[in-house]
Amino acid sequence: MPIATPEVYNEMLDRAKAGKFAYPAINVTSTQTLHAALRGFAEAESDGIIQISTGGAEFLGGQYSKDMVTGSVALAEFAHIVAEKYPVTVALHTDHCPKDKLDTYVRPLIAISEKRVQAGLGPLFQSHMWDGSAETLADNLTIAQELLEKARAAKIILEVEITPTGGEEDGVSHEINDSLYTTVDDAVRTVEALGLGEKGRYLLAASFGNVHGVYKPGNVVLRPELLKQLNEGVAAKYGQSAGSQPFDFVFHGGSGSSEGEIATALENGVVKMNIDTDTQYAFTRPVADHVLRNYDGVLKVDGEVGSKKIYDPRTWGKLAEASMAARVVEATQHLRSAGTKIK
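A few points on the structure. For clarity, every value in this text was computed on a predicted model and none was experimentally measured.

Assigned secondary structure in the protein chain consists of 13 helices and 10 strands. The globule rule puts the C-alpha radius of gyration for 343 residues at 20 Å, and the 20 Å found for the protein chain is close to it. With respect to the principal axes defined by its C-alpha atoms, the protein chain has extents near 75 × 50 × 40 Å. Every one of the 343 residues in the protein chain was classed for burial, and the buried ones make up 54%. Contacts spanning at least 24 positions in sequence make up 74% of the contacts within the protein chain whose residues lie at least 6 apart. Averaging the positions of the 33 positive and the 45 negative side-chain charges in the protein chain gives two centres separated by 5 Å.

Let us now look at the environment of E84. Within the element layout of this structure, E84 appears in the loop between α4 (68-82) and β3 (90-94). Separated by 25 residues in the primary sequence, E84 and F59 place their C-alpha atoms 25 Å from one another.

What follows concerns the side chain of S244. When you line up the elements, S244 lands in the loop between α8 (226-237) and β9 (249-251). At 2.7 Å, the side chain of S244 forms a polar contact with the backbone oxygen of S241.

Following the sequence through the fold, Y23 ends up in strand β1 (residues 23-27). Of the residues examined, Y23 reaches a relative accessible area of 0% and is grouped as buried. Between the alpha carbons of Y23 and A263 there is a distance of 13 Å; along the sequence they are 240 residues apart.

Let us look at the packing of aromatic side chains. As enumerated under the stated definition, the model contains three aromatic pairs in all. Aromatic side chains F21 and Y23 sit 5.4 Å apart centroid to centroid with 85 degrees between the ring planes, which places their arrangement in the edge-to-face category. As far as the burial class goes, F21 and Y23 line up, both buried. Measuring from ring centre to ring centre gives 5.4 Å for F247 and F249, while their planes differ by 45 degrees; the resulting arrangement is tilted. Taken individually, F247 and F249 each receive the classification buried, so the pair is uniform in this respect. Sitting above the plane of the Y181 ring, R223 keeps its charged end 5.0 Å from the centroid.

This next bit is on the nonpolar core. Core analysis: the biggest nonpolar cluster contains 79 residues, and I50 and V160 have the highest contact counts within it. Core analysis: the next-biggest nonpolar cluster, separate from the first, contains 16 residues, A4, L13, A25 and V271 among them.

Calculation notes
Residues numbered from 1 in each chain as written. Predicted model: local features only at pLDDT ≥ 70, side-chain atom pairs only at ≥ 80, totals over all residues. Heavy atoms only, no water. Helix = DSSP H or I, 4+ residues; strand = E, 2+ residues; numbered from the N terminus. Rg over C-alpha atoms; globule rule 2.2 N^0.38 Å. Buried < 20%, exposed > 50% of the residue type's maximum accessible area, 1.4 Å probe, protein only. Contact = heavy atoms within 4.5 Å. Lys, Arg positive; Asp, Glu negative; His and termini not counted. Charge placed at Lys NZ, Arg CZ, Asp CG, Glu CD. Polar contact = N/O pair within 3.5 Å; in protein donor to acceptor, adjacent residues only side chain to side chain. Phe/Tyr/Trp six-rings, centres within 6.5 Å; stacked < 30°, edge-to-face > 60°. Lys NZ or Arg CZ within 6 Å of the ring centre and 35° of its normal. Core = buried A, V, L, I, M, F, W, Y, C linked by side-chain atoms within 4.5 Å.

This is how it looks when you write it as structure tokens:
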């Protein structure tokens, strides 16, 4: 069962929360980066999440048409086939989708999965993200209610981002300031709109100072202990016992985070951590190294023809896959999911 059924995906998230670990959610942009992610999970004996952003889907759709739905569906179908060769279970997810791309990305994908479910199949993707962080919270949650209802009908889990993550990803950007911290009131309003699971399961990307991209230590102040306050505030309001964790949290903008910050986030209910910047670098670094070390062989210099064995994409592609897979293994170790795969 390499691609998780809806029931198994729920089990994965429940196991992560109970075991205080999280699944690395690896952004992919090609069949090769998909294989790298799957290989990393397999080598770490960790289940995981593979995700496609709007920019990644556009790239996968080809530069002639740049169709996001075509690109993401094609890679998802490919994943359903090749994942059979890896002894782990993975869920497929779509990352950050802002309001202006819902009609050309998430809504059509949910409709595709709904038709599959009606035909007795599983959904194509196991979860989708609605990024309403650029909208008012009221508008954000109104759209989230509509999407959650549709997702539930298609046996899909919805991820929502209720307050901004700093930095920039695929054209969505936010300043690094005090707005990067979700409040208890924000969390309560989210539950008032989306419920506590009875309206459909959702993952919550709350903000505790997170920033997308690369940043130097000291430029960002992460406060993962804030997640405990959000859980406690909602638990108290809804009569849940002390220590309850009503939310399934997602950690965005985690590149460069310390192991201590990650550990605190795990203790407070994070079940999914997005990883993109670090794996992009891990994939590209050996390619750059190969080109620089074999410059004359890769390029036709002064009328020469170079060396086919050197510029063959398979030569440098294998190096890139191995390097990215190793970074995925490292992520599973930091997030404590290594060795936890469903047997």
